[in-house]
Each structure stands twice: as C-alpha cells, then as structure tokens.
Amino acid sequence: MSSTALSASTAAHRRSKDRRRLGDNIAGWSFAGPATLVILGFSLVPMAWALALSFTDSDLMTPGRNVGLDNYRALLEDPVFFQALRNTGLLLVLYIPASLVAGLLVAVLLNRKVRGIGFYRTCFLVPYIVSATATGLLMGFIFDRDFGLANGLLAKLGLPIQGLLSSPSQAMFVLTLIFFWTRFGFSVVIYLAAIQEISREVMEAASIDGAGRWTTFRHIIVPSVRPMTIFLAVWGVIDALQFFDLVMTTTKGGPANATVTIVYYVWQLAFTYSTAGYGAAVAYVLFAGTLLLIVVGLLVARRRGVTT
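As annotated in an unreviewed UniProt entry, the protein chain is Sugar ABC transporter permease from Nonomuraea recticatena. The UniProt entry for the protein chain carries this comment under Sequence similarities (unreviewed entry): "Belongs to the binding-protein-dependent transport system permease family."

Encoded structure:
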C-alpha cells in the first residue's frame, strides 16, 4: 500500500472514530443533560444566590441593601449562634462514635444464619426509613414530661420523674438518643454489606488457625470494613449537621435554646425573624465548617492508607 493510500486510510479511520466519539457524547449527554440541568437549577444556582444574599439585609420580601461583611461580623457577637454551635457539636461528638460502634456490632450479629434473620434486619432498618415527622411526633409523646411513656415507666420503677425534652440540661441528650435510634440503621446496612463481602476463605482460614470471635473481629472484620467506616463517618457528619426535622417536631429549639441547632437557627432567622441575609451568612458558615470537617477526615484517612 502506498503512503498516500495509507494516509487516506488513517484519516478515514480517525474521522470514523471521531464520529463514534461524538455519537457517544451526544447519547451520554442526552441521558445526563436533564439531571445536570436539575442540579444546576436546584443546587448551584440557589447556592450562588444564597451567597449573594448573605451580604445583604434582605428579609425575602423586600429588596435588601448591601451590608458587606456585617452579617459575618455579627456572628461573633451572637450568643444564640454559639449555643447552636455547641448543640450541634454535642450531637456530632455523641452520635458519630455511637453510630459507628453500634452499627458494626449489630451488623456482626445480623450476619449470622439464624431463623428469622430477615425480620431482625428489617427491624433495625425501619426507623431509618420512617418519616422523621412521624418519628418526632411519636417521640414527643414518649418523652413528654407529664404524660410520656418514659416518665410513666420511671414512676413504676420508683425512680424520680425527669424533665427530658422540657429540661434544658437533658433535652439535647434526649434528642441525640432519638436521632441515633432513627439513623444508625443505615450504618448497620452498610456494615452488613461490607462484612458479607469479606472472603469466606479468609474467615475459614482464621477459624482453622484457632482464631476466636474477638480475634476474628479485631484482625479481620475491623480492617476489612475500614473504608466503610470512613464513608459512614463522613456521611454521619453531613447528616448530623443537617439535624432539623426532629427539632422542629419536638422541642422547636427549646427550652431556652437548649436544642437549637445550626440548621434550625438558619430556618428561624429566615422564616421567623425575617432576617434572611443573616440566615444565609450562618448557612455559609455551616457549609464552610462541613467542608472543612470532611476534607480533614479524608486527609486523615488518606494518610493512614484508607480509601473509600
């Protein structure tokens, strides 16, 4: 074949390859395009609008004037904002370790082949999929100080009545317990899937070598599910920082702001106090804090050689 014919054949092949690539791109964007537009329309555009709003004194009803960084400076002198930070931090500190440890232990128990195991697995997942509003209303009744089932049980046991959701010192702990009960089922499901992916040969080899349950758990199961642990920790941080619906349906931030969280405070500022600009500033501080926590967590995981 002459060099001219070879060049023509190569050019034709390249054009054919380019046409196929163009066709693949068109087909791909025909599927991804609508979803991309939805993301742009309902995520990125509102985020940009909220950022611009945070530099104004808008109340969402009338055009606001530009106030520069005044909203962000005001945060430094806002006691409710710092109370919301403390409450949200307490939720993170209590919920994340508890959900990881309990989720893994329950997943190990649910990995056994016993009669009715499907029913037991469903029981742990149901609280996660039930509406948070319904859960909040139910828990508000259970932990009511005067008529709740919790205090009724304490009275029958001869123990003193507790303030629970109406006590400034107890309400956040009770809400954290409720939040844990409704969310840790997700950790159970993820851990259970990860445990079932562990090679059966590895588990059998450990059993043959005389490894007991604790040794198998510590040296095989825990290292094997470490990537899922990082994923669940990041997921839990995002989930906890968005804690709103249970507060809304139980305490509404009370008593005395004892259960105000960052997201609930943003909602109050925007829709109760008509200070949407200030609320947007609080929301962006929350966004920056969430991003920082996630980045730090991923960097720590990478330094330890853990990948998700």
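Caption draft 1: Quick look at the UniProt feature "transmembrane region" (unreviewed entry) in the protein chain. Following the UniProt record, the feature "transmembrane region" (unreviewed entry) maps to residues 26-52, 89-110, 122-143, 172-195, 216-238 and 281-301 here. The distance separating the terminal C-alpha atoms of residues 122-143 is 25 Å; by composition the span is 86% helix and 0% strand. Helix makes up 100% of residues 172-195 and strand 0%. Its end C-alpha atoms lie 33 Å apart.

Caption draft 2: Just the pattern of salt bridges, in detail. All chains considered together, the criterion is met by 4 salt bridges. Asp70 is the partner of Arg73 in a salt bridge, and the nearest nitrogen-oxygen pair spans 2.8 Å. On the criterion of helical spacing, the pair formed by Arg73 and Asp70 is a turn pair, its members being 3 residues apart in helix H2 (residues 70-75). The exposure class of Arg73 is partly exposed, given its relative accessible area of 49%. In this structure, Arg183 engages Asp239 in a salt bridge whose closest nitrogen and oxygen atoms are separated by 2.8 Å.

Caption draft 3: Quick look at the environment of Asn257. Position of Asn257 relative to the elements: it lies in the loop between helix H11 (245-249) and helix H12 (262-272). Here Asn257 falls in the partly exposed class, since its relative accessible area comes to 30%. Between the C-alpha atom of Asn257 and that of Val80, which follows or precedes it by 177 residues, the distance is 7.3 Å. Here Asn257 is in contact with Val80, Gln83 and Asn87, once residues within four sequence places are set aside.

Caption draft 4: Looking closely at the nonpolar core. One finds Phe143, Phe243, Tyr265 and Val282 to be the most contacted residues of the largest nonpolar core, which totals 56 residues. Listed by contribution, the elements that provide at least two residues to this core are helix H3 (79-110), helix H5 (132-142), helix H7 (171-196), helix H9 (213-224), helix H10 (226-241), H11, H12 and helix H13 (276-303). With 14 residues, H7 is the single largest residue contributor to this core. Apart from the residues lying within four places of it in its own chain, the contact partners of Phe243 are Leu91, Met172, Leu175, Phe179, Thr261, Val263 and Tyr264.

Caption draft 5: Quick look at H12. Turning to H12, its buried residues are Ile262, Tyr264, Tyr265, Val266, Gln268, Leu269 and Ala270. Looking at the packing, one finds that the buried side of H12 touches H3, H11 and H13. Positioned one or two residues after H12, Ser274 has a phi angle of 55°, which is positive.

Caption draft 6: Molecular detail of the side chain of Thr216. Considering the arrangement of structural elements, one finds Thr216 in helix H9. According to the relative accessible area criterion, Thr216 is buried, its value standing at 12%. With sequence-adjacent residues up to four places away left out, Thr216 is seen in contact with Met203, Ala206, Ala211 and Ile221.

The rules we used
- Residues numbered from 1 in each chain as written.
- Predicted model: local features only at pLDDT ≥ 70, side-chain atom pairs only at ≥ 80, totals over all residues.
- Heavy atoms only, no water.
- UniProt positions renumbered as here; feature names shortened; annotations may be inferred.
- Helix = DSSP H or I, 4+ residues; strand = E, 2+ residues; numbered from the N terminus.
- Salt bridge = Lys/Arg side-chain N within 4 Å of Asp/Glu carboxyl O.
- Buried < 20%, exposed > 50% of the residue type's maximum accessible area, 1.4 Å probe, protein only.
- Contact = heavy atoms within 4.5 Å.
- Core = buried A, V, L, I, M, F, W, Y, C linked by side-chain atoms within 4.5 Å.

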